Amino acid sequence: NAGVTQTPKFRILKIGQSMTLQCTQDMNHNYMYWYRQDPGMGLKLIYYSVGAGITDKGEVPNGYNVSRSTTEDFPLRLELAAPSQTSVYFCASSAIQATYNSPLHFGNGTRLTVT
Amino acid sequence: TQLLEQSPQFLSIQEGENLTVYCNSSSVFSSLQWYRQEPGEGPVLLVTVVTGGEVKKLKRLTFQFGDARKDSSLHITAAQPGDTGLYLCAGAAGSTLGRLYFGRGTQLTVWP
């Protein structure tokens, strides 16, 4: 029972490099989310998707892009990495809207350092 | 701007003590969720409260949603080392599709 799987677990990038954080879920959830977690700051929503082909911005979308070509996968793209993007990134999914009492199922995160 | 304010930010107590964590806002939420996160893992849902004044118990944990649905509290009775972790509250604000607003979290450490 895998749930939400994120890869890689750790990554170090140089300023200006690009990378894609992978996220896949096997629960057939329509809703998927990307959050970043900075120390003492809680979780901030970057992007979310309500189904394949539909994405929308969250609170902190600048510097990121997403796509949702399948129900299972929701990759997050960083085009020009900046030190401000050093963070722990969490992917999550939910069966219905998280606002309708549907719990978020989180992956175990990707720790990204940009130097 | 932080929509949900959690306090305290850090809590370090001895096994057997009781504690309360608070989650406050000036906004009204349609529901509020509490998560616990352990190092190197994602948050895991503990409970969802929906109705103003609602109280839910999960073994030694008691969750309460304020009457006006602007605040919530988590009370732990006779804390154990296994309760150690980061506790996060998250509120669903009206019809903002898909958006849960998270507090900054309370880092709880329970010493044996």
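The structure reproduced in this document is the subject of the present report.

## Focus on the overall build of chain B
At step 1: Check the secondary structure of chain B and you find zero helices and eleven strands.
At step 2: For chain B, the α and β elements follow one another from N to C terminus as β-β-β-β-β-β-β-β-β-β-β.
At step 3: Taking 13 Å as the expected radius of gyration for a compact globule of 112 residues, we find that chain B reaches 13 Å, a close match to that expectation.
At step 4: Expressed as lengths along the three principal axes of its C-alpha atoms, the size of chain B is roughly 45 × 30 × 20 Å.

## Structural notes on the side chain of A:Gln85
All names here are of chain A.
At step 1: Within the secondary structure layout, Gln-85 lies in the loop between β8 (76–78) and β9 (87–94).
At step 2: When its relative accessible area of 4% is taken as the criterion, Gln-85 is described as buried.
At step 3: The residues contacting Gln-85, other than those within four sequence positions of it, are Arg-36, Asn-62, Gly-63, Tyr-64, Leu-78, Leu-80, Leu-112 and Val-114.

## Considering unusual backbone geometry
At step 1: The omega torsion of the bond from A:Thr7 to A:Pro8 falls at -5°, within 30 degrees of zero and hence cis.
At step 2: In this model, B:Ser7 is joined to B:Pro8 through a cis peptide bond whose omega is -10°.
At step 3: If you trace the backbone, B:Pro8 turns up in the loop between β1 (5–7) and β2 (10–14).
At step 4: One non-glycine residue, B:Lys59, adopts positive backbone phi at about 55°.
At step 5: You can see B:Lys59 is positioned in the loop between β6 (55–58) and β7 (61–65).
At step 6: Backbone geometry at B:Arg69 places phi at a positive 60°, although glycine is not the residue there.

## Here's the deal with the packing of aromatic side chains
At step 1: Taken as a whole and assessed by the stated rule, the structure comprises nine aromatic pairs over all chains.
At step 2: Ring centres 6.4 Å apart and planes at 35° place the aromatic pair A:Tyr33 and A:Tyr35 in the tilted group.
At step 3: One aromatic cluster is present, formed by A:Tyr33, A:Tyr35, A:Phe90, A:Phe106, B:Tyr35 and B:Phe102 through successive ring pairs.
At step 4: A:Arg68 extends its terminal NZ or CZ atom over the ring of A:Phe74, reaching a point 5.9 Å from the ring centre.

## Quick word on the state of the cysteines
At step 1: Following the criterion strictly, the structure yields two disulfides over all chains and no others.
At step 2: Paired through a disulfide, A:Cys23 and A:Cys91 show a sulfur-sulfur distance of 1.9 Å. Because the torsion about its S-S bond is -70°, the bridge between A:Cys23 and A:Cys91 counts as left-handed. On the criterion of sequence distance, the pair formed by A:Cys23 in strand β3 (residues 19–25) and A:Cys91 in strand β9 is long-range, its members being 68 residues apart.
At step 3: You can call A:Cys23 buried: its relative accessible area is 2%.
At step 4: Note that B:Cys23 is cross-linked by a disulfide to B:Cys89, the S-S spacing being 2.0 Å. With the S-S dihedral at roughly 75°, the linkage between B:Cys23 and B:Cys89 falls on the right-handed side. Note that B:Cys23 is positioned in strand β3 (residues 19–24) and B:Cys89 in strand β9 (residues 85–92), a separation of 66 residues in sequence.
At step 5: On the basis of relative accessibility, which here comes to 0%, the residue B:Cys23 falls in the buried class.

## Considerations on the side chain of A:Gln37
At step 1: Considering the arrangement of structural elements, one finds A:Gln37 in strand β4 (residues 31–37).
At step 2: Looking at A:Gln37, the relative accessible area reads 12%, which means it is buried.

## Things to note about the sheet that holds strand β8 (residues 71–76) of chain B
All names here are of chain B.
At step 1: What the five strands build is an open sheet, ordered β1-β3-β8-β7-β6; its pairing is antiparallel. For this open sheet the edge positions go to β1 and β6, each flanked by a neighbour on one side alone. The sheet shows a mean angle of 15° between the axes of neighbouring strands, direction not considered.
At step 2: Alignment of β1 against β3, held across three bridges, turns out to be antiparallel. Opposite Gln-6, over in β3, you have Cys-23 as the bridge partner.

The rules we used
Along each chain, residues carry numbers from 1 onward, in the same order as the chain's sequence is written. Note on labels: chains are lettered from A, ligands numbered from 1, in written order. Owing to the predicted nature of the model, reporting of local features is limited to residues with pLDDT of at least 70; listing and counting of side-chain atom pairs is limited to 80 or more, with chain, interface and lining totals taken over all residues. With hydrogens and water set aside, each side-chain value is computed from the structure's full complement of heavy atoms. Numbering of helices and strands runs from the N terminus, with a helix taken as a DSSP run of H or I at least four residues long and a strand as a DSSP run of E at least two residues long. Throughout, radius of gyration means the C-alpha value; the globule benchmark is 2.2 Å times the number of residues raised to the power 0.38. Burial status follows relative accessibility: with a 1.4 Å probe on protein chains alone, a residue under 20% of its type maximum counts as buried, one over 50% as exposed, and anything between as partly exposed. We call two residues in contact whenever any of their non-hydrogen atoms come within 4.5 Å of each other. Ring pairs shown here join Phe, Tyr and Trp side chains whose ring centres sit within 6.5 Å, with only the six-membered ring taken for Trp; geometry is labelled stacked below 30 degrees between planes, edge-to-face above 60, and tilted in between. The criterion for a charge sitting over a ring is simple: Lys NZ or Arg CZ within 6 Å of the ring centre, and within 35 degrees of the ring normal. Here, two cysteine sulfur atoms that lie within 2.5 Å of each other are counted as a disulfide. Criterion used throughout: strands pair if DSSP finds at least two bridges between them. To get an axis, fit a line to the C-alpha atoms, keeping to the stretch in contact for a helix; angles then go from 0 to 180 degrees between the N-to-C directions.

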